[in-house]
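# Chains, contacts and geometry: an overview
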Amino acid sequence: MLKIENLHVRIAGREILKGLSLEAKPGEVHAIMGPNGAGKSTLGNVIAGRSGYEVTKGSVTFDGDDLLAMEPEARAAAGVFLAFQYPVEIPGVNNTYFLRAALNAQRKARGDTELDSMQFLKLVRERVKEMGMTPELLNRAVNEGFSGGEKKRNEVFQMAVLEPRLAILDETDSGLDIDALKQVAEGVNRLRSPERGFLVITHYQRLLDYIVPDFVHVLADGRIVESGDAKLARELEAHGYAWVRDRTPTEAHA
Amino acid sequence: MGARSHADGSARVNSVATPFVESMQAAAVSGLPGSGIAWLDDTRRDALRAFATHGLPDTRNELWKYTALRALQQRAYAPRDAGAASRPVADDLLRLDGCEGPRAVFVNGAFRADLSRLDDLPGGIVLQPLSEVLRHQPEPLRFLLAARAGDEDGLTLLNRALAADGVIVRVADGVRAFNPLHVVHVGTSAGSAVAWHLRDLMELGEGASLAVIEHHVGDDTSGHFANLARTITLHARARLDWTIVQRASRDATLLRRTDCVLHEDTELDFHALELGGKLARHELRVDLAGDRARFASRGAFVLGGRQHSDTEVLVTHRARDTVSDSLWRGVAGDRARGVVHGRILVQPGADGSDGCFYNKNLLLSPTAEIDTRPALEIYADEVKANHGATVGQLDDNVLFYLRSRGIPLDTARRMLVRAFCAVTLDGIQPAGLREFCETLLAEQLPEAEA
């Protein structure tokens, strides 16, 4: 589904990713771990299509299509979803209105019929219930005045409504207390399915206690230096990232 | 900046007879409604002579600093549209959601009884087109039509000389109108560029209340010149809700000046959505003359192409415990230019006044420009006064967020522009009109690229 080959990315002239390769198949949960500044968020942003990143070498394909050639909205319609590390507040844009516009834009781009307001409300009510989302938040402006936990939960809620095929969680655990972390993880686990892949980007192993990955990759200095299963995350927790750096870097393939 | 400047810039003599001035002078005063009445002829001739000396305001005038009329000076206009009384107007153009009540329609500056709906005006409300008043009983309006204000500028002089029509509305003491009054100004093609000059009066008696929805529309491509002067007087405890939806044609020049006097315990609630015109200016002067008078304004302009919009909100707190509260949003794309000037002047003795003016603006293109100048002058005690103005751009981070959810760039921009202006539309009544305004706003999104 997602195939990244020898990806080199620069921001403002500085090389951040230096030959990253990764393949994720439907149903797989890949955790991307690594120290600060390793390029974790860059990876998520490049896949989702944020501007300001210069790809100098390598490729990213999604179902064989060149993802890098697509506009961000086209990537979303193809099934890519990025849960932001810092979800933005959009005063004046109602959450429900926004979500319906997003879902219908994606459906339209895929050639599906758009949902009318009744159909959409039904869908939203179901998801609200499943995700334990506070219904009042839907009537507010997007993320405006939301707590850190509410914002992250809103990201997962959007994911539940938009039903992407590849979900990228960019440090969704950051800034969350343990209760909020569990709630967010529960939401994500509910969305795990044989058709859906996940890239879970995190600095800490803590999240992976709740979202148990199939694969763990260690990203350091712009490359994946170690790959393994869920046990790798616990070893990292015990030894720290320095432990990986001291070992011989190996090019990892999932 | 912020110095008390006269609005006239009048000391100079305009020795250059421009095509504009010449075309206005050619407008025969004798052909106007009411001609032959000695005092009216006198004041009109006097004003036209004075206009020829003054010419149009120029950018040395503080209130015209960012709005140059150089291009207008070079244009000549037909003095009036001789066919205005019979030009067909599509009903779609006149209709406005939420305004099914009484309606006064003006086409190319002339009142049209056939398109208006004034039979079912509630008792206590009198609406007359100025043209009829001038023909039949102008004497009661002498105070208005012959007034030589101390700060007349070229445009008010021109208006005094040539005003041929307008809305004269009077609401009797204690009368509260339930349906909003809908006033429509239509600009439609007259073959050549025509000028018109309208003089409005709205006077609300003690305890009266009225809502007025003023709608400017146009399918005109010849580019008319409209010059509106308006006087609004609210007597004690009166309340006026006044909404302007301005969708004049993209070639039109629309210059408006409104002078409001608010006596004690009155309220003026003003909304404006300014979308049309090539050059659209509104100079709104509000005199809070009576204790506890309140003025609130909410407005937005959204500009594209080479549109130019100028909003001047000049509030004078003259009495105790008066309140003014203004909130404006401006959006400009392409090569458009917006100007916002909000001035709050608190006169000696207006103790306990509370005034604020806030204006935020959004530039959608590197070649668009918005100049905003809030100004406070305070000469009283225990006054609360605030102002603030910003000019910014759409946040790339927010745009990316929307796009990453599948919303195309163009739609994302529309959503954000609409959201940016939404706060100025929230209070518009009735709800049908508010929704219509929201739709207009969403459709108006100007080109973002240069």
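Residues numbered from 1 in each chain as written. Chains lettered and ligands numbered in written order. Predicted model: local features only at pLDDT ≥ 70, side-chain atom pairs only at ≥ 80, totals over all residues.

## Description of the overall build of chain B
How we decide: Under the DSSP-based scheme used, a helix requires at least four consecutive residues in state H or I and a strand at least two consecutive residues in state E, with every element numbered from the N terminus. Only the C-alpha atoms count toward the radius of gyration. The rule for a globule is 2.2 Å times the residue count to the power 0.38. Field definition: a residue is buried when 20 or more other C-beta atoms are found within 10 Å of its C-beta, exposed when 12 or fewer are, and partly exposed for counts in between, with C-beta atoms placed from the backbone. Here, residue contact means that the backbone-derived C-beta atoms of the two residues sit within 7 Å.
Each helix and strand counted, chain B has ten helices and 19 strands in total. For a compact globule of 450 residues, the expected C-alpha radius of gyration is about 22 Å, and chain B comes in at 21 Å, within 12% of that figure. Considered along the principal axes of its C-alpha atoms, chain B spans approximately 70 × 55 × 50 Å. By the burial criterion, 53% of the 450 residues in chain B qualify as buried. Taking the intrachain contacts of chain B between residues at least 6 apart in sequence as the baseline, contacts between residues at least 24 apart amount to 85%.

## What to know about the sheet that holds strand β4 (residues 54-62) of chain A
Residues and elements named next belong to chain A. Operational definition: Here the rule is simple: two strands pair whenever DSSP picks up at least two bridges between them. To define axes, lines are fitted to C-alpha atoms, for helices over the stretch in contact only, and angles between the resulting N-to-C directions are given on a 0 to 180 degree scale.
Taken in spatial order, the four strands make up an open sheet running β2-β1-β4-β5, and their pairing is antiparallel. Of all the strands in the sheet, just β2 (14-24) and β5 (65-66) have a single pairing partner and so form its edges. Bridge analysis of strand β1 (residues 2-11) against β2 gives eight bridges, and the strand direction is antiparallel. The residue of β2 that forms the bridge with isoleucine 11 is arginine 14. On top of the sheet, helix α1 (residues 40-48) reaches β1, β2 and β4; it is set at about 70 degrees to β2, its chief contact.

## Focus on the pairing of strand β9 (residues 239-247) of chain B
Residues and elements named next belong to chain B. Examined bridge by bridge, strand β7 (residues 209-218) and β9 share nine bridges and lie parallel to one another. Bridging across to β9, histidine 216 finds its partner in glutamine 246. As judged from the eight bridges shared by β9 and strand β11 (residues 267-274), these two strands associate in the parallel manner. When the sheet's bridge partners are listed, threonine 243 is paired in β11 with histidine 271.

## Quick notes on the interface of chain A and chain B
The accessible area lost on association of the parts is a frequent measure of interface size. This is how the line gets drawn: Each residue is assigned to one class: nonpolar for Ala, Val, Leu, Ile, Met, Phe, Trp, Tyr, Cys and Pro, charged for Asp, Glu, Lys and Arg, and polar for all the others, Gly among them.
Counting residues at the interface gives 22 residues for chain A, matched by 18 residues for chain B. Ranked by residue count, the leading element in the side of chain A that touches chain B is helix α3 (residues 95-110) of chain A, at five residues. Among the residues making up the side of chain A that touches chain B, the classes are represented as 15 nonpolar, five polar and two charged.

## Things to note about the pairing of strand β13 (residues 294-303) of chain B
Residues and elements named next belong to chain B. For β13, the buried fraction is high: eight of the ten residues fall into the buried class. In the sheet, β11 pairs with β13 via eight bridges, with the strands oriented parallel. Note that in β13 the partner of leucine 268 across the bridge is phenylalanine 295. Two strands pair when backbone bridges link them, and β13 and strand β15 (residues 323-332) are joined in this way by ten bridges, in the parallel orientation. Its bridge partner lying in β15, valine 302 is registered against valine 331.

## A few points about α3(A)
Put simply, the test is: Every helix has an expected span of 1.5 Å times one less than the residues it contains.
For α3(A), built from 16 residues, the straight-helix expectation of 22 Å at 1.5 Å per residue is met to within 8% by its first-to-last C-alpha distance of 23 Å. For α3(A), the elements touching its buried residues are α2 (72-78), β7 (90-94), α4 (117-131), β8 (141-142) and α5 (148-162) of chain A together with α9 (409-425) of chain B. Looking one or two residues past α3(A), Gly111(A) carries a phi angle of roughly 85 degrees, positive in sign.

## Quick word on the confidence of the model for chain B
All names here are of chain B. Heads up, the rule is: The quantity called pLDDT is the predictor's confidence in a given residue, expressed from 0 to 100.
Summing up the model confidence of chain B, the mean pLDDT is 92 and the portion of residues at 70 or higher is 95%. Scored below 50 in pLDDT, residues 1-15 makes 24 contacts in the model with residues more than four places away or belonging to other chains. The ipTM value of the predicted complex is 0.95, and its pTM value is 0.87.

## Focus on the nonpolar core
Put simply, the test is: For this analysis, nonpolar core means a set of buried Ala, Val, Leu, Ile, Met, Phe, Trp, Tyr and Cys residues linked through C-beta atoms within 7 Å.
In terms of nonpolar packing, the biggest core is built from 205 residues, with Phe81(A), Ile168(A), Val200(A) and Leu262(B) touching the most fellow members. Among the elements that take part in this core, α9(B) stands out by supplying eight residues, more than any other. Each residue touching Leu262(B), except ones within four places of it in the same chain, is listed here: Leu234(B), Leu268(B), Val286(B), Asp287(B), Leu288(B), Ala289(B), Gly290(B), Ala293(B) and Phe295(B).

## Examining unusual backbone geometry
Residues and elements named next belong to chain B. Following glutamine 429, the chain continues to proline 430 via a peptide bond in cis, the omega torsion being -5 degrees. Phi is positive for aspartate 321, which is not a glycine, with a value near 55 degrees. Here aspartate 321 shows up in the loop between β14 (308-317) and β15. The phi dihedral of aspartate 334 is positive, around 50 degrees, even though this residue is not glycine. With respect to the secondary-structure elements, aspartate 334 resides in the loop between β15 and β16 (337-346). Here aspartate 334 falls in the partly exposed class, since 18 other C-beta atoms lie within 10 Å of it.

## Looking at the sheet that holds strand β12 (residues 223-228) of chain A
Residues and elements named next belong to chain A. If you trace the six strands from one edge of the open sheet to the other, you get β6-β9-β10-β3-β11-β12, paired in mixed fashion. What marks the edges here is a single partner per strand, and that holds for β6 (80-83) and β12. Geometrically, the sheet is characterised by an average inter-axis angle of 20 degrees between neighbouring strands, direction not taken into account. In the packing of α5 onto the sheet, the strands contacted are β6 and β9 (166-170), and the crossing angle to β6 comes to about 165 degrees.

## Thoughts on the packing of helix α2 (residues 38-54) of chain B against helix α7 (residues 154-162) of chain B
Residues and elements named next belong to chain B. How we decide: Under this scheme an angle from 65 to 115 degrees is roughly perpendicular, one under 35 degrees roughly parallel, and one over 145 degrees roughly antiparallel; angles in between are oblique. In a left-handed crossing the near helix is turned counterclockwise from the far helix by less than a right angle, and in a right-handed crossing that turn is clockwise.
Where α2 meets α7, the axes come as close as 7 Å, and the angle between the chain directions of the two elements is 150 degrees. On the basis of their axis angle, the class for α2 and α7 is roughly antiparallel. Crossing handedness for the pair α2 and α7: left-handed. Contacts between α2 and α7 involve Thr43, Arg44, Ala47, Leu48, Ala50, Phe51 and His54 from the first element and Gly154, Leu157, Leu158, Arg160 and Ala161 from the second. Counted by class, the contact of α2 with α7 contains seven nonpolar, three polar and two charged residues.

## A few points about the packing of α9(B) against helix α10 (residues 431-443) of chain B
Residues and elements named next belong to chain B. Packing of α9 against α10 leaves a shortest axis separation of 9 Å and a crossing angle of 145 degrees. Two packed elements cross with a definite hand, and for α9 against α10 that hand is right-handed. Judged by residue contacts, Arg414, Arg418, Cys421 and Leu425 of α9 engage Arg434, Cys437, Glu438, Leu441 and Ala442 from α10. Tallied by class, the residues present in the contact of α9 with α10 amount to five nonpolar, no polar and four charged.

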